[in-house]
Amino acid sequence: MLNKIILASGNPGKLKEFSRWFAERSIDILPQSEFNVPECPEPYGTFIENALAKARHASRHSGLPALADDSGICANALNGAPGVYSARFAGDNPKSDAANNLKLSTELAGKEDQSCYYVCVLVLVRHEHDPQPIIAEGIWRGTWQTEAKGENGFGYDPHFYLPEQGCTAAELTPKLKNQISHRGLALQELKKKIDLLYPSAKAV
């Protein structure tokens, strides 16, 4: 039975989001900072490999089950770029949302296909050497918009246009975004898989 899970992230927003759901199942989510988990390298070219590496890394240093995610945006006309390099698409010195957005706009300029999608992969390992990690994926499809609109999002959200909503991701309310986003969809899938494996953990 799962009682405690370490979150392989220092993002307070993610900690709050995951804690809310797991609390209903009497599962505590703890930040990796409580265990002085060092930063984990992310050398892989796929979201799933990086998420798995981060989860195993956190589990190894804490001795607890660990949950990690890896996410980014992929443009179809660029063969899936920036992909796992989304956070540092324009470079590391320093990382900049504005610079990343400008680079992606430049790369897509003149391309007939402006479609893109966000990806989030969640990986939960029950221990470092878990041979069967629980894996969930969420994909959120949209279209690249050169003009930035909206104040609520971050990263590529002001340029990520959602035809069915008639606005960008940055123009959505946080509540709606959490329901329909790539991370929201991945979390819904993770919930279902955990409830199947641990039916006694279901919220009443």
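Every value quoted in this text rests on a predicted model; they were computed, and no experiment measured them.

Q: Got a minute to help me understand the UniProt feature "binding site: Mg(2+)" (unreviewed entry) in the protein in this structure?
A: The UniProt record annotates "binding site: Mg(2+)" (unreviewed entry) at Asp-70. Tracing the backbone through its elements, the reader meets Asp-70 in strand β3 (residues 66-75). Among residues more than four places away in sequence, those in contact with Asp-70 are Glu-42, Thr-46, Phe-47, Asn-50, Ala-51, Lys-54, Val-84, Val-119, Cys-120 and Val-121. Of note is the side chain of Asp-70, whose polar atom sits 3.3 Å from the side chain of Lys-54.

Q: Where do I start with the pairing of strand β5 (residues 134-144) in this structure?
A: Side-chain direction in a regular strand flips from residue to residue, so the side chains alternate between the two faces of the sheet. Relative to β5, strand β4 (residues 115-125) runs antiparallel, the two sharing 10 bridges. Within β5, the residue paired with Val-121 across the bridge is Glu-137.

Q: Any chance you could explain the pairing of β4 here in plain terms?
A: With 10 of 11 residues buried, β4 is to be regarded as a mostly interior element. Sheet topology places β3 next to β4; 10 bridges connect them, and they run antiparallel. Looking at the pairing, Ala-66 lines up with Val-125 of β4.

Q: Is there a simple way to explain the environment of Cys-74 in this structure?
A: With respect to the helices and strands, the residue Cys-74 is situated in strand β3. Residue classification places Cys-74 among the buried residues on the basis of a relative accessible area of 5%. Sequence separation between Cys-74 and Asn-101 is 27 residues, and the spatial gap between their C-alpha atoms is 12 Å. Excluding anything up to four places from it in sequence, Cys-74 contacts Phe-47, Gly-80, Ala-81, Gly-83, Cys-116, Tyr-117 and Val-119.

Q: It is not clear to me how the sheet that holds strand β7 (residues 167-168) should be interpreted in this structure. Could you clarify?
A: On the basis of which strands lie adjacent, the open sheet formed by 7 strands has the order β2-β1-β3-β4-β5-β6-β7 and mixed pairing. What marks the edges here is a single partner per strand, and that holds for β2 (28-31) and β7. The sheet contacts of helix α1 (residues 12-23) involve β1 (4-7), β2, β3 and β4, and relative to β2 the element is tilted by about 165°. Across the sheet, helix α3 (residues 97-108) touches β3 and β5, and the angle it forms with β5 is around 65°.

Q: How should the environment of Ala-169 be read in this particular structure?
A: Note that Ala-169 resides in the loop between β7 and α4 (174-180). Residues Ala-169 and Tyr-156, spaced 13 residues apart in sequence, show a C-alpha to C-alpha distance of 8.5 Å. Setting aside its immediate chain neighbours within four residues, Ala-169 contacts Trp-140, Asp-157, Phe-160, Leu-162 and Lys-177.

Each value, and the rule that gives it
- Residues numbered from 1 in each chain as written.
- Predicted model: local features only at pLDDT ≥ 70, side-chain atom pairs only at ≥ 80, totals over all residues.
- Heavy atoms only, no water.
- UniProt positions renumbered as here; feature names shortened; annotations may be inferred.
- Helix = DSSP H or I, 4+ residues; strand = E, 2+ residues; numbered from the N terminus.
- Contact = heavy atoms within 4.5 Å.
- Polar contact = N/O pair within 3.5 Å; in protein donor to acceptor, adjacent residues only side chain to side chain.
- Pairing = 2+ DSSP bridges.
- Buried < 20%, exposed > 50% of the residue type's maximum accessible area, 1.4 Å probe, protein only.
- Axes fitted to C-alpha atoms, helices over the stretch in contact; angles between N-to-C directions.

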